[in-house]
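Structural overview
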Amino acid sequence: MRRLDSSDVSPFDAEEDTGRKSKSKIKHPLASFFHLFFRVSAILVYLVCELLSSSFIAPMVVIILLLCCDFWTVKNITGRLMVGLRWWNQVADDGKGHWVFESREGSGKQASDSESRIFWLGLLIFPIVWVIFALQLPVWIVHLDYRWMRVTVEPVQC
């Protein structure tokens, strides 16, 4: 396995266009869309799953897959493009790994205010929505259906 040195990693925003000046314009509309798409889709599946199917397994699997796609998108794409975060695991010679974190602050380039707001509000608002769903615990206790409580606890843990 090849070890990554800091010299092997491209400079932080080497691939981005430096000619853009506006801080309020959304520079990456597709990344912004997918940053919210997987989260909104998981909530919509949760809300309409009993209308579409009597099964518990299928909606649970779809919600978990959507949240996995969201995690991958945030870690690998939107975190880097929208707010300038990236991280990876670097393995030392002794076989132990350590995480390397970088942020855009030191490079002098600023993220768009709109994109930054979309990114951070998306990361904060959707777990709050899942907690609100989880607080419907008295409804589950009355109906003796604890399955859906597990569905609302999983996204909060991510």
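Look up a bit, the structure's there.
So, a few notes on the structure that sits alongside this text. Being a predicted model, the structure only gives us computed values, none of them experimental.

1. Some points on helix α2 (residues 57-83)
Where α2 bends most, the angle comes to about 50°, and this point is Val 74. Positioned one or two residues after α2, Gly 84 has a phi angle of 80°, which is positive.

2. Focus on the packing of helix α1 (residues 29-52) against helix α3 (residues 113-134)
In a pair of packed helices, the angle between the axes and the distance between the axes together describe the arrangement. The N-to-C vectors of α1 and α3 enclose an angle of 15°; their axes lie 10 Å apart at closest approach. As far as their axial angle goes, α3 and α1 are roughly parallel. Handedness of the α1/α3 crossing: left-handed. Listed contacts from α3 to Ser 32, His 35, Leu 36, Arg 39, Val 40, Ala 42, Ile 43, Tyr 46 and Leu 47 of α1 are Glu 115, Ile 118, Phe 119, Gly 122, Leu 123, Phe 126, Pro 127, Val 129, Trp 130 and Phe 133. Of the residues that constitute the contact of α1 with α3, the class distribution is 14 nonpolar, three polar and two charged.

3. Focus on the nonpolar core
Counting residues in hydrophobic clusters, the biggest one holds 15 residues, and the most contacted among them are Ala 42, Tyr 46, Ile 63, Trp 130, Trp 148 and Val 151. Those elements that place two or more of their residues in this core are α1, α2, α3 and α5 (147-157). For this core, the element with the most residues is α1, which contributes five residues. Leaving out residues up to four positions away in the same chain, Trp 130 has contacts with Ala 42, Ile 43, Tyr 46, Ile 63, Val 151, Thr 152, Pro 155 and Val 156.

About the criteria used
- Residues numbered from 1 in each chain as written.
- Predicted model: local features only at pLDDT ≥ 70, side-chain atom pairs only at ≥ 80, totals over all residues.
- Heavy atoms only, no water.
- Bend = angle between axes of the 7 residues up to and from the residue.
- Helix = DSSP H or I, 4+ residues; strand = E, 2+ residues; numbered from the N terminus.
- Axes fitted to C-alpha atoms, helices over the stretch in contact; angles between N-to-C directions.
- Parallel < 35°, antiparallel > 145°, perpendicular 65-115°, else oblique.
- Left-handed = near helix turned anticlockwise from the far one by under 90°.
- Contact = heavy atoms within 4.5 Å.
- Nonpolar A, V, L, I, M, F, W, Y, C, P; charged D, E, K, R; others polar.
- Core = buried A, V, L, I, M, F, W, Y, C linked by side-chain atoms within 4.5 Å.
- Buried < 20%, exposed > 50% of the residue type's maximum accessible area, 1.4 Å probe, protein only.

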